[in-house]
Amino acid sequence: MARFTPHPDQLPLNWSDNEAIESIVERRLAERFEAESFQWRFRLVMIETVMMGLLVLVAGLLLKQPTMMVLRASLLIAASCLATGLMLLSLSAGTAKLMSRLRRWRGK
C-alpha cells in the first residue's frame, strides 16, 4: 500500500496536540453561535407573532364574528406578542452580555 503524501500547497496539520485543537474549535464555535443566537431568537419571536395573529384571525372568522372586530383583535394580539417577545429578547441579550463580562472579569 502506498503512503499518502499531501499536496505541497496544503496546510500541514499537527494532530499531536489534539486538546489544543479541540479548545480552539470549541471557542470559535461558541463565538459563532453567540453571534447568531440573536438572529435565531428574533426569527422565533416573529414566527410566534404571526402565528398568534393568524390564530386569532382564523378563529374569529370561523366563529362568524364581525370582521373589523376580529381584525382589530388580531392586530392587538400580534402587537402585544411582538412587544413582549422583543422585550424578552432584549433582556436575554443584555443578560448574556452581563454574564460574559462577569466571566471575563473573574478570569483576570
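Read on for an overview of the structure. (Residues numbered from 1 in each chain as written. Predicted model: local features only at pLDDT ≥ 70, side-chain atom pairs only at ≥ 80, totals over all residues. Heavy atoms only, no water.)

**Comments concerning the overall build of the chain**
For the chain, the helix and strand inventory stands at two helices and zero strands. For the chain, whose C-alpha radius of gyration is 25 Å, the value lies well above the compact-globule estimate of 13 Å for 108 residues. Structurally, the chain occupies a C-alpha span of about 80 × 45 × 20 Å along its principal axes. Within the chain, the fraction of its 108 residues that count as buried is 10%. Considering only intrachain contacts with a sequence separation of at least 6, the fraction spanning at least 24 residues in the chain is 57%. (Helix = DSSP H or I, 4+ residues; strand = E, 2+ residues; numbered from the N terminus. Rg over C-alpha atoms; globule rule 2.2 N^0.38 Å. Buried < 20%, exposed > 50% of the residue type's maximum accessible area, 1.4 Å probe, protein only. Contact = heavy atoms within 4.5 Å.)

**Describing unusual backbone geometry**
Within the chain, Lys-64 stands out as a residue other than glycine whose phi angle is a positive 60°. With respect to the element layout, Lys-64 can be found in the loop between helix H1 (18-62) and helix H2 (67-107). Accessibility expressed as a relative area gives 74% for Lys-64, which makes it exposed.

**Quick word on a positive patch on the surface**
On the surface, a cluster of positive charge is contributed by Lys-97, Arg-101, Arg-104 and Lys-108. Note that Lys-97 resides in helix H2. A residue is classified by how much of its surface remains accessible, and Lys-97, at 58% relative accessible area, is exposed. (Patch = residues over 30% accessible without salt bridge, like charges linked within 9 Å, V, L, I, M, F, W, Y side chains within 5 Å. Areas by Shrake-Rupley, 256 points an atom, 1.4 Å probe, with all protein chains shown as cover. Salt bridge = Lys/Arg side-chain N within 4 Å of Asp/Glu carboxyl O. Lys, Arg positive; Asp, Glu negative; His and termini not counted. Charge placed at Lys NZ, Arg CZ, Asp CG, Glu CD.)

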